[in-house]
Amino acid sequence: MRRIGGAALLAAAGALAGCAAPTGADLAANTASGAAPAERPCPAALGAETRCFAGIDALGALYWIAVPSPWNGVLVLHAHGGPELGAPSSERTARDLARWSVWPRAGYAWAASSFHQGGVAVHAAAEDTERLRRIFVAAFGAPQRTILHGQSWGAGVAAVGAEMFSAKDASGHPPYDAVLLTSGVLGGGTRAYDFRLDLRVVYDVVCGNHPRADEPQYPLWQGLPPGTRLTAAALAARVDECTGIASPVAQRSLEQRARLKMLLDVIHIPERTLVSHLQWGTFHFQDIVFTRLAGRNPFANEGVRYAGSADDAALNARVQRYRADPPAVAAFAADTDPTGKIPVPILTLHAIDDPTAFVELESAYREIVDRAGAGDRLVQVFTDEHEHSYLADAEYLGAMDALLGWVERGEKPTPASVGAQCARVDARFHPESGCRVVPGYRPAPLAERVPARAK
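Residues numbered from 1 in each chain as written. Predicted model: local features only at pLDDT ≥ 70, side-chain atom pairs only at ≥ 80, totals over all residues. Heavy atoms only, no water.

Draft legend 1. Fine view of the side chain of D177. In this fold, D177 is placed in the loop between α6 (153–164) and β7 (178–182). Here D177 falls in the buried class, since its relative accessible area comes to 11%. The residues touching D177, leaving out its near neighbours within four places in the chain, are Q144, R145, T146, I147, V344, P345 and V407. (Helix = DSSP H or I, 4+ residues; strand = E, 2+ residues; numbered from the N terminus. Buried < 20%, exposed > 50% of the residue type's maximum accessible area, 1.4 Å probe, protein only. Contact = heavy atoms within 4.5 Å.)

Draft legend 2. Layout of the environment of E39. Within the secondary structure layout, E39 lies in strand β1 (residues 38–40). Separated by 14 residues in sequence, E39 and F53 place their C-alpha atoms 4.2 Å apart. For E39, the contacting residues outside a window of four places in its chain are R51, C52 and F53. At a separation of 2.5 Å, a polar atom in the side chain of E39 contacts the side chain of R51. (Polar contact = N/O pair within 3.5 Å; in protein donor to acceptor, adjacent residues only side chain to side chain.)

Draft legend 3. Up close: the pattern of salt bridges. Overall, the coordinates contain 26 salt bridges when judged by the stated rule. Between R51 and E39 there is a salt bridge, with the nearest N and O atoms lying 2.5 Å from each other. One end of the pair, R51, is in strand β2 (residues 50–56); the other, E39, is in strand β1, with twelve residues separating them in the sequence. In this structure, D96 and R92 form a salt bridge, with 3.1 Å as the shortest nitrogen-oxygen distance. Residue D96 and its partner R92 are located together in helix α3 (residues 90–99), separated by four residues, close to a single helical turn. Each member of the pair, D96 together with R92, is buried. Several salt bridges share partner residues, and in doing so they unite E84, R92, D96 and R99 into one network. (Salt bridge = Lys/Arg side-chain N within 4 Å of Asp/Glu carboxyl O.)

Draft legend 4. Geometry of the state of the cysteines. Under the definition given, this model contains three disulfides. Sulfur-sulfur distance for the disulfide between C422 and C435 comes to 2.0 Å. On the sign convention where negative means left-handed, the S-S torsion of about -95° between C422 and C435 marks this disulfide as left-handed. Pair noted here: C422 is in helix α16 (residues 415–428) and C435 is in the segment after α16, with a separation of 13 residues, a long-range link. According to the relative accessible area criterion, C435 is partly exposed, its value standing at 30%. Here the bonded cysteines of the chain are numbered in sequence order, and their pairing is 1-2, 3-4, 5-6. (Disulfide = S-S within 2.5 Å.)

Draft legend 5. Spotlight on the layout of surface pockets. When its volume is computed, the largest pocket comes out at roughly 550 Å³. The wall of the largest pocket is formed by 31 residues, among which G82, S152, W280, T356 and H388 lie closest to the centre. Ranked by residue count, the leading element in the lining of the largest pocket is helix α11 (residues 274–292), at five residues. In terms of residue class, the lining of the largest pocket is built from 13 nonpolar, eleven polar and seven charged. (1 Å grid on protein atoms, 1.4 Å probe; cavity = no way out; pocket = protein on both sides within 12 Å on 5 of 7 lines; lining within 4 Å. Points joined across faces, edges and corners; volume = space filled by probe spheres on them. Nonpolar A, V, L, I, M, F, W, Y, C, P; charged D, E, K, R; others polar.)

Draft legend 6. Local environment of the nonpolar core. Judged by nonpolar contacts, the single largest core of 58 residues is most densely connected at Y193, V202 and L274. Listing elements by their share of this core, those giving two or more residues are α5 (122–140), α6, α8 (194–206), α9 (232–243), α10 (254–267), α11, α13 (326–336) and α14 (361–371). No other element matches the eight residues that α8 contributes to this core. For L274, the contacting residues outside a window of four places in its chain are L199, V239, I245, L260, L263, L264 and I269. One finds A94, Y108, A178 and A399 within the second-largest nonpolar core, a separate group that totals 37 residues. (Core = buried A, V, L, I, M, F, W, Y, C linked by side-chain atoms within 4.5 Å.)

Draft legend 7. Representation of the sheet that holds β1. As summarised here, the arrangement of the nine strands in space is β1-β2-β3-β5-β4-β6-β7-β8-β9, forming an open sheet in which the pairing is mixed. Two strands lie at the open edges of the sheet, namely β1 and β9 (378–383), each paired on one side alone. Taking each pair of neighbouring strands and ignoring which way they run, the sheet shows an average axis angle of 20°. When β1 meets β2, the two strands line up antiparallel, connected through three bridges. Note that in β2 the partner of E39 across the bridge is F53. Packing against the sheet, α3 makes contact with β2, β3 (62–68), β4 (74–79), β5 (109–113) and β6 (145–151), and its axis sits at approximately 25° to β3. Running at roughly 155° to β7, helix α15 (residues 393–409) makes contact with β4, β6, β7, β8 (346–351) and β9 of the sheet. (Pairing = 2+ DSSP bridges. Axes fitted to C-alpha atoms, helices over the stretch in contact; angles between N-to-C directions.)

Draft legend 8. Structural detail: the packing of aromatic side chains. A full pass over the atoms with the stated rule returns 13 aromatic pairs. With a centroid separation of 5.5 Å and 85° between ring planes, the pair formed by W103 and Y108 is classed as edge-to-face. Residue class for W103 comes out buried when judged on its relative accessible area of 0%. In this structure Y108 comes out as buried when scored by relative accessible area, which is 4%. An angle of 50° between the planes, with centres 4.9 Å apart, marks the rings of F136 and F140 as tilted. Of this pair, F136 and F140 are both found in helix α5, four residues apart, which corresponds to roughly one turn of the helix. Using a relative accessible area of 0% as the deciding quantity, one classes F136 as buried. (Phe/Tyr/Trp six-rings, centres within 6.5 Å; stacked < 30°, edge-to-face > 60°.)

Draft legend 9. Fine view of unusual backbone geometry. Along the chain, S69 connects to P70 via a cis peptide bond; the corresponding omega equals 0°. By the element assignment, P70 lies in the loop between β3 and β4. The step from H210 to P211 runs through a cis peptide bond, and the omega angle for that step is 5°. Among the structural elements, P211 can be located in the loop between α8 and α9. Of note, the phi angle at F115 is positive, near 75°, even though the residue is not glycine. Among the structural elements, F115 can be located in the loop between β5 and α5. Positive phi is not limited to glycine here, since H268 has a value of about 65°. Along the polypeptide, H268 turns up in the loop between α10 and α11. A relative accessible area of 37% means that H268 is categorised as partly exposed.

So this is what it looks like as structure tokens:
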């Protein structure tokens with residue numbers, strides 16, 4: 001690919017001019033009225049040849065942009081994980097830039113939005129991401145290629161965003177040339193979050209301290225009633241009280257060990273993410289129900305049989321059961337569930353032992369894309385790793401090289417070819433990062449890990 005000198009493009013950074021052809025008048029107006037990106041010191045993880053810029057768009061989303069010199073002409077437009085609750089934070093996006101410094105270090109420009117609102121709002125986050133793409137184009141010129149990269153929850157944002165923004169401009173170019181989804185929470189909110197309701201109801205039976213018996217009771221699908229004063233730290237303390245999870249195994253009581261084992265065995269989650277999943281099933285559920293759905297319930301567990309405890313019959317007799325409200329499910333699906341109708345190449349990268357976004361979610365996404373008739377545009381790659389937030393540098397770069405080869409030369413990759421490309425990248429760019437692609441791996445159906453249910 002032709003390399004573009006960064007200095008010539010950066011000369012335009014002092015003013016934010018017109019936008020690319022809009023898909024909607026509101027989005028175009030919001031893009032045009034945003035403040036111009038201003039140069040800022042780069043995070044230390046980036047090299048001296050990279051220049052960084054920050055700004056705020058018309059809706060209040062905070063963003064960072066990094067352009068290396070020389071620039072290879074490819075923009076990686078990043079949708080971050082989470083989602084975060086509360087007001088947008090420039091610091092959060094700056095941390096993302098440091099974590100994903102592999103892209104500028106390898107010659108790619110990078111841009112990411114904080115999103116203008118916190119919480120589980122997928123379409124709004126996708127619009128913020130597209131708005132940032134237009135800001136980049138106005139300030140630095142049109143990239144030769146734009147790759148939409150979604151990480152974790154942001155993979156769902158990117159999958160939906162690629163469906164929303166697919167119209168070609170006057171020159172015949174789509175907004176995004178391809179989509180890279182890593183460690184993705186895929187499958188949509190109506191399926192991906194079911195196990196957190198399961199965790200809430202089983203935790204209630206096993207521990208009985210969220211809520212406590214002397215506290216106001218509420219249906220657990222609410223997450224937490226509005227106005228309830230419970231912090232993430234206080235909830236973590238309750239989990240520790242029940243299971244001893246914050247202490248070494250030898251310091252836990254026999255009762256704590258038994259309770260922890262029951263939770264992990266029934267819900268099929270690792271110990272290290274138990275607290276996080278319970279927090280998400282509390283504070284994110286509260287956001288979904290009361291901020292997004294006017295207090296209505298999108299979650300259900302009627303008919304689910306929980307297994308893996310010492311006495312499954314007793315457990316199933318005690319867990320609270322809930323029926324979802326169909327209009328709430330429909331509204332939640334309309335915002336969070338992908339349709340699979342993406343007209344450009346899609347490559348996913350996922351650790352087999354991801355403790356946060358189960359690898360079986362990839363099976364759910366494959367079903368969605370196949371059902372939409374786009375299965376030939378999806379390649380899924382799996383690695384023998386145990387992390388969620390970040391895999392090996394060379395794996396990301398190898399996946400990107402393979403994806404660009406697909407876009408530019410029509411060379412559709414396979415997991416084996418991505419692994420081979422990763423090895424080549426590893427040798428020249430980041431020798432210590434390693435390549436752990438498992439070409440023959442296929443994830444089990446999601447229903448083998450999270451019981452299916454009617455909604």
